[in-house]
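Analysis of the macromolecular model
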Amino acid sequence: MSLKANILYSLKLSRQMLEGYIEGIASPEEWVYQVHQHANHPLWLVAHLGLTDNSFLARMNPDWDRIPAGWNEMFWFDSDVHSDLDKYPAPTAVVEYCRERREKLLDAIAQLTDEFLESPAPPEGMFADAPNMGQLLLFVSFHEGLHAGQFSIAHRGLG
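Residues numbered from 1 in each chain as written. Predicted model: local features only at pLDDT ≥ 70, side-chain atom pairs only at ≥ 80, totals over all residues. Heavy atoms only, no water.

**Observations concerning the overall build of the chain**
Stated precisely, the cut-off is as follows: Here a strand is any run of E in DSSP of at least two residues, a helix any run of H or I of at least four, and the numbering for each starts at the N terminus. Taken over C-alpha atoms, the radius of gyration is set against a globule rule of 2.2 Å times the number of residues to the power 0.38. Burial classification: accessible surface area is computed with a 1.4 Å probe over protein chains only, and a residue below 20% of its type maximum counts as buried, one above 50% as exposed, and the rest as partly exposed. Whether two residues touch is decided by their heavy atoms; if any such pair falls within 4.5 Å, the residues are in contact. All accessibility values rest on the Shrake-Rupley procedure with a 1.4 Å probe; residue burial counts only the protein chains present in the view. Charge convention: Lys and Arg are scored as positive, Asp and Glu as negative, and His as well as the terminal groups of each chain are ignored. Charge placement uses NZ in Lys and CZ in Arg. For Asp and Glu, CG and CD serve respectively.
Scanning the chain for helices and strands turns up 6 helices and 0 strands. For 159 residues, the compact-globule estimate of 2.2 N^0.38 gives 15 Å, and the chain sits close to it at 16 Å. With respect to the three principal axes, the spread of C-alpha positions in the chain is 45 × 30 × 25 Å. Buried residues in the chain amount to 45% of all 159 residues. Considering only contacts within the chain whose residues lie at least 6 apart along the sequence, 72% involve residues at least 24 apart. Carbon and sulfur atoms form 53% of the exposed surface of the chain, whose accessible area is close to 8400 Å². The average position of the 11 basic charges and that of the 22 acidic charges among the side chains of the chain differ by 4 Å.

**Considering the nonpolar core**
Note the cut-off: The nonpolar core is taken to be a set of buried Ala, Val, Leu, Ile, Met, Phe, Trp, Tyr and Cys residues, with the residues joined through side-chain atoms within 4.5 Å.
Membership of the largest hydrophobic core comes to 22 residues, with the highest contact counts inside it found for Ile22, Trp31, Val46, Trp71, Phe75, Tyr88 and Phe151. Within the residue set of this core, elements represented by two or more residues are helix H1 (3-23), helix H2 (42-60), helix H3 (71-75) and helix H4 (91-111). The dominant element in this core, judged by the number of residues it contributes, is H2, at 7 residues. Not counting residues within four places of it along the chain, the set of residues in contact with Ile22 comprises Trp31, Val46, Val95, Arg99 and Phe151. Counting 19 residues, the second-largest nonpolar core is a separate cluster that includes Leu8, Phe56, Ile109 and Leu137.

**Description of the side chain of Ser14**
What counts, and what does not: We call two N or O atoms a polar contact when they sit within 3.5 Å, provided that within protein one can donate a hydrogen and the other can accept it, with sequence-adjacent residues counted only if both atoms are side-chain atoms.
Relative to the helices and strands, Ser14 resides in helix H1. Separated by 2.7 Å, the side chains of Ser14 and Glu144 make a polar contact. Contact partners of Ser14, with chain neighbours within four places excluded, come to Arg102, Ser141 and Glu144.

**Some words on the packing of H1 against H4**
For the record, the criterion: All axes here are fitted lines through C-alpha atoms, helices being fitted over the stretch that makes contact, and every angle between N-to-C directions spans 0 to 180 degrees. Each angle receives one of four descriptions, namely roughly parallel if under 35 degrees, roughly antiparallel if over 145, roughly perpendicular if within 65 to 115, and oblique otherwise. Residues are grouped as follows: nonpolar covers Ala, Val, Leu, Ile, Met, Phe, Trp, Tyr, Cys and Pro; charged covers Asp, Glu, Lys and Arg; every other residue, Gly included, is treated as polar.
The interhelical angle for the contact between H1 and H4, taken along N-to-C directions, is 170°, at an axis separation of 10 Å. With respect to H4, the element H1 is oriented roughly antiparallel. For the pair H1 and H4, the contacting residues are Lys4, Ile7, Leu8, Leu11, Lys12, Ser14, Arg15, Leu18, Glu19, Ile22 and Glu23 in the first and Val95, Cys98, Arg99, Arg102, Leu105, Leu106, Ile109, Ala110 and Gln111 in the second. Across the contact of H1 with H4, the residue classes tally to 11 nonpolar, 2 polar and 7 charged.

**Considering the environment of Ala39**
Looking at the element boundaries, Ala39 is found in the loop between H1 and H2. Given a relative accessible area of 12%, Ala39 falls into the buried group. Setting aside residues no more than four positions away along its own chain, Ala39 makes contact with Gln34 and Val81.

**A few points about the packing of aromatic side chains**
What counts is decided by this rule: Classification of ring pairs rests on two measures: the distance between centres of Phe, Tyr or Trp rings, Trp counted by its six-membered ring, which must be within 6.5 Å, and the angle between planes, read as stacked under 30 degrees, edge-to-face over 60 and tilted in between.
In the structure shown here, the tally under the stated rule is 7 aromatic pairs. On the numbers, 6.5 Å between centres and 70° between planes, the contact of Trp31 with Phe151 is edge-to-face. In this pair, Trp31 is assigned in the loop between H1 and H2 and Phe151 in helix H6 (residues 133-157), connecting sequence segments 120 residues apart. For the pair shown, Trp31 and Phe151 are each scored as buried. Ring geometry for Trp71 versus Tyr97: centroids 4.8 Å apart, planes at 70°, classification edge-to-face. Pair noted here: Trp71 is in helix H3 and Tyr97 is in helix H4, with a separation of 26 residues, a long-range link. Looking at Trp71, the relative accessible area reads 6%, which means it is buried. Here the aromatic cluster, defined as three or more aromatic residues joined through ring pairs, consists of Trp71, Phe75, Tyr88 and Tyr97.

Here it is as structure tokens:
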């Protein structure tokens, strides 16, 4: 199986898991449920994952960068997580953004050449040790799985 096929499979599998948790949310209040005050709630997780897909899209083509106003401050690294639903965009908008960014990412990856996937990853930042761009893109599914685990804990806490 090619590197591209592995990347696409991993991304689809990790999203399938996340979608199951999204479908399990029964009320608006559950979107901001935190198992403890420092935990990420489901709304933060879904928005953060959409922003992650967006960040990889922007690396591939800056014209694909699409971040709603204020979302980095609400959902990116070092943002404060609040349990007040009124401080956030509507959950439907967050889920729609997350899904749209993933579809765009899958479409973009499907068009990548093996040459691009085998090219060196950027030498700076948190991905400096990735052996190539393909391995860097595999990180997206790992990252989503990590946050799906956090969603799973909230899901269990909700019963």
